[in-house]
Amino acid sequence: MDKSKFQSWLLKILETQDDEISCSLCFDLISQYVDLENDNKAGGEEWEPVRHHLNQCLACRQEYEVLRDLTRLGPDELEPPLDKV
Amino acid sequence: MGKVRSTEDWLKELNATGDLQVEAITDLREILLRGSLYSLNRNLSDLANLNRDEILQLAEDCAQDALMAVLEHIHEFRGESKFTTWVYKFAINIALTAARREWRKDVSLDQLLEDSEPYEWLSADHHDLINPDHSLLQQEVWETLRETIRAELTEKQRQVLKWIVFDEVPMDVVVQHLRTNRNTVYKMLHDARIKLKRRLLMQGFGTDEALDLFSLNKV
């Protein structure tokens, strides 16, 4: 395990909380969180469990990042450059 | 691009009958296809074994599955987000899960467990990890983690930890292999982290000490 991977893992261990929300609950909440974040209204304490889960769960974080970026694109920017494949 | 609808329009038209409903479902599927394509396009590294046509077909399949999921769960939509944001998350979840499952399909997870000597995977490259100024304390942290994994984690927790943290296997591949769901795998990792954290704290290594010792930056 290299240094940066170890550091990231150690931080995740030390920031572990006794109660963390599940991936399912994160999925339920993520669309509301993203819309609020896009309106700069997601900073409240009540969203801390979602932010914490996103820091601990790579799979949910990747989905959140795609959702966030997709909802910030204009309608004309949605076509993905699959022609590069 | 289909017509622009408000959330209320979407719900009304998807619950209508006849041409109005057909048009809404067609437009919804187009949105889900865009979400699927965008998601796959962001993860092309997982799709290296697929050609362009296969990726486009995968996107179509994901959009179809997402459409089924949206229609099945539409009664759960509470209007707390935009309808389009809500439906996108289904397309993204299904497409990224499909992409992750293409990850190194030739690699067997059981083989990954068998490849190394018992607990050899818990070795670290000390030249890389250890700062000479703090070497003894850093090694103590590493030893604490290693011993906790060996002595306190269950076999399943150890397996999942090795695959996801050490081998970087995508969670969805582990979920598929164990025939379980993401919640269960996340819980296994969470329970393992709890044990590791408690042992580190008992040894006097809290977040502040670790931040200092390993030059960590909080997220």
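Residues numbered from 1 in each chain as written. Chains lettered and ligands numbered in written order. Predicted model: local features only at pLDDT ≥ 70, side-chain atom pairs only at ≥ 80, totals over all residues. Heavy atoms only, no water.

**Some remarks on the overall build of chain B**
Line of reasoning, step 1. Scanning chain B for helices and strands turns up eleven helices and zero strands.
Line of reasoning, step 2. Ordering the α and β elements of chain B from the N terminus gives α-α-α-α-α-α-α-α-α-α-α.
Line of reasoning, step 3. Classification of the 219 residues of chain B by burial places 48% in the buried group.
Line of reasoning, step 4. Partitioning the intrachain contacts of chain B with sequence separation of at least 6 by distance along the chain shows that 65% fall at a separation of at least 24.
Line of reasoning, step 5. Approximately 11500 Å² of chain B is accessible, and the part contributed by carbon and sulfur atoms is 48%. (Helix = DSSP H or I, 4+ residues; strand = E, 2+ residues; numbered from the N terminus. Buried < 20%, exposed > 50% of the residue type's maximum accessible area, 1.4 Å probe, protein only. Contact = heavy atoms within 4.5 Å. Areas by Shrake-Rupley, 256 points an atom, 1.4 Å probe, with all protein chains shown as cover.)

**A few points about the interface of chain A and chain B**
Line of reasoning, step 1. With 51 residues of chain A at the contact, the number on the chain B side is 61 residues.
Line of reasoning, step 2. Where chain A meets chain B, there are six salt bridges.
Line of reasoning, step 3. Glu 63 of chain A is paired through a salt bridge with Arg 100 of chain B; the nearest N and O atoms lie 3.3 Å apart.
Line of reasoning, step 4. Inspection of the region where chain A meets chain B yields 23 residue pairs in polar contact (both at pLDDT 80 or more).
Line of reasoning, step 5. Each residue belonging to the side of chain A that touches chain B can be placed in one class, and the counts come to 25 nonpolar, twelve polar and 14 charged. (Salt bridge = Lys/Arg side-chain N within 4 Å of Asp/Glu carboxyl O. Polar contact = N/O pair within 3.5 Å; in protein donor to acceptor, adjacent residues only side chain to side chain. Nonpolar A, V, L, I, M, F, W, Y, C, P; charged D, E, K, R; others polar.)

**Observations concerning the side chain of Arg 100 of chain B**
Line of reasoning, step 1. Note on placement: Arg 100 of chain B falls in helix H4 (residues 83–100).
Line of reasoning, step 2. Residue classification places Arg 100 of chain B among the buried positions, given a relative accessible area of 4%.
Line of reasoning, step 3. When residues no more than four places from it in sequence are discounted, the contact partners of Arg 100 of chain B are Ala 59, Gln 62 and Glu 63 of chain A together with Asp 46, Pro 170, Asp 172, Val 173 and Arg 182 of chain B.

**A short note on the environment of Val 165 of chain B**
Residue and element names in this part refer to chain B.
Line of reasoning, step 1. Structurally, Val 165 can be placed in helix H8 (residues 155–166).
Line of reasoning, step 2. Judged by relative accessible area, Val 165 falls into the buried class, the value being 17%.
Line of reasoning, step 3. Note: C-alpha distance between Val 165 and Asn 93 (72 residues apart in sequence) is 21 Å.

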